[in-house]
Amino acid sequence: KNNKLKKQYVVSASVLEEEIEGVALGKIIDRVKPENVVICEPSKLQIKLGHKGRIEYLLRVNGKTFHSAFPNQYDNTINLAAKAISALKNIKFTNSHEMGDGVLTPTGLETNSNTSMAPSQSSIRFDRRTVPGDDENLTRKEIMDILNKIDTNAYSLEIEEREVITYTGEKIICRKIFPPWVIKKNHELVSSLTQAVQKNGIDVNLSYWPFCTNGVESMGNRKINTIGFGPGNEELAHTTDEYVEIDHLHKASSVYKELIQIIDNE
């Protein structure tokens with residue numbers, strides 16, 4: 001409102017990120033075709049050069065159902081699931097990156113059991129946080145090499161597909177694999193954001209997010225220049241009492257304004 005701008009700047013605020021990262025932003029990218037994207041997730045007012053990717057794996061543990069009064073009749077798939085979780089707890093990953101190590105975290109467990117029956121199938125959901133160099137084939141092999149030492153027939157691994165219904169009623173099917181991404185430190189967008197941060201008296205710190213953002217779509221899938229900078233503490237994300245400091249909000253707003261002016265004059 002205070003400046004005559006030569007270029008177009010679009011602000012997107014959408015709420016479908018946590019279930020299927022990037023899909024909402026992708027719809028906007030289709031319309032405005034941006035040259036640069038700034039992700040405004042909490043970053044402690046630090047510049048984020050990228051983040052880890054994410055794969056949601058479903059580990060199926062298959063066996064035979066039997067009466068719970070005879071617990072030693074067959075291997076209980078719940079016991080096999082417990083062995084899998086224990087064996088994978090200290091998994092060693094092939095790739096490493098300055099953004100940090102890969103992560104494998106169990107996030108859910110369900111069975112098809114009924115009263116007085118041991119389940120013929122147990123399923124564990126794993127959240128695999130990936131770094132550059134990781135892909136579906138490698139991450140699958142890392143997991144299955146460990147599980148096959150427990151039982152060569154009981155375990156199978158698949159990437160979860162989930163149907164999400166939006167507020168308009170549209171159904172979206174998403175295969176839950178989201179790539180990591182990195183922007184080069186000498187990139188022009190990094191330089192521009194660094195100038196904007198410095199002009200607002202904020203110390204310049206370059207780092208990476210350990211979690212996923214909409215950047216999986218803009219940079220991870222589409223290779224559009226993407227960088228991160230936002231108010232708030234990233235460690236508070238998804239906690240009960242998450243908050244953003246008002247001072248952070250004002251400072252971030254000033255940085256965004258300065259960044260627009262710098263880019264507009266390039």
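See the structure shown above.
Note that the structure is predicted; figures quoted are calculated from it, not measured.

Novice: Teacher, can you tell me more about the overall build of the protein chain here?
Specialist: Along its length, the protein chain carries 6 helices and 14 strands. Referenced to the eigenvectors of the C-alpha coordinate spread, the extents of the protein chain come out at roughly 75 × 40 × 35 Å. By residue count, 41% of the 266 residues in the protein chain fall in the buried class. Pairs at least 24 apart in sequence give 78% of the contacts found in the protein chain among residues at least 6 apart. Of the roughly 15,200 Å² that the protein chain leaves accessible, carbon and sulfur atoms contribute 48%. Charge centroids of the protein chain, computed over 33 positive and 36 negative side chains, lie 2 Å from each other.

Novice: Is there a simple way to think about the nonpolar core in this case?
Specialist: The nonpolar side chains of a soluble globular protein tend to be buried with one another. Of all hydrophobic cores here, the largest spans 22 residues; its most connected members are I47, L193, V197, F229 and V255. Of all the secondary structure elements, the ones that give two or more residues to this core are β2 (47-51), α4 (188-199) and α6 (246-264). Dropping the residues within four chain positions of it, V255 is found in contact with L193, A196, V197, N200, I202 and F229. Residues A81, A84, I143 and L147 belong to the second largest nonpolar core, which totals 19 residues.

Novice: It is not clear to me how α6 should be interpreted in this structure. Could you clarify?
Specialist: Along an α-helix, a turn takes 3.6 residues, which lines up residues three or four apart on a common side. Here α6 contains 19 residues, and its C-alpha end-to-end distance of 27 Å stays within 8% of the 27 Å for a straight helix at 1.5 Å per residue. Of the surrounding secondary structure, the elements contacted by the buried residues of α6 are β1 (36-39) and α4.

Novice: Sorry, what's going on with the state of the cysteines here?
Specialist: By definition, a disulfide links the sulfur atoms of two cysteines through a covalent bond. Applying the stated criterion to the full structure yields 0 disulfides. The structure places no disulfide on C40, whose sulfur is separated from the nearest cysteine sulfur, that of C212, by 17 Å. Given the relative accessible area of 43%, C40 is considered partly exposed. Cysteine C212 remains unbridged, with the sulfur of C174 as its closest cysteine sulfur at 11 Å.

Novice: I'm lost on the packing of aromatic side chains in this one. Help?
Specialist: What describes a pair of aromatic rings is the distance from one ring centre to the other and the angle between the planes of the rings. Tallied over the full model, the rule gives 2 aromatic pairs. Residues F229 and Y256 carry aromatic rings whose centres are separated by 6.1 Å and whose planes lie at 90° to one another, so their mutual orientation is edge-to-face. Here the residue F229 occupies a position in the loop between β14 (225-228) and α6, and Y256 occupies one in helix α6, the gap between them amounting to 27 residues. With relative accessibility at 21%, the residue Y256 sits in the partly exposed group.

Novice: How should unusual backbone geometry be read in this particular structure?
Specialist: Note on backbone geometry: most residues besides glycine have negative phi, and most peptide bonds are trans. Even without glycine at this site, K33 takes up a positive phi of about 50°. Mapped onto the elements, K33 comes out in the loop between α1 (23-32) and β1. Not every positive phi belongs to a glycine, and K44 is a case in point at roughly 60°. Checked against the element boundaries, K44 lands in the loop between β1 and β2.

What counts, and where the lines are drawn
Residues numbered from 1 in each chain as written. Predicted model: local features only at pLDDT ≥ 70, side-chain atom pairs only at ≥ 80, totals over all residues. Heavy atoms only, no water. Helix = DSSP H or I, 4+ residues; strand = E, 2+ residues; numbered from the N terminus. Buried < 20%, exposed > 50% of the residue type's maximum accessible area, 1.4 Å probe, protein only. Contact = heavy atoms within 4.5 Å. Areas by Shrake-Rupley, 256 points an atom, 1.4 Å probe, with all protein chains shown as cover. Lys, Arg positive; Asp, Glu negative; His and termini not counted. Charge placed at Lys NZ, Arg CZ, Asp CG, Glu CD. Core = buried A, V, L, I, M, F, W, Y, C linked by side-chain atoms within 4.5 Å. Expected span 1.5 Å × (residues − 1). Disulfide = S-S within 2.5 Å. Phe/Tyr/Trp six-rings, centres within 6.5 Å; stacked < 30°, edge-to-face > 60°.

Any functional reading would require information beyond the geometric quantities listed.
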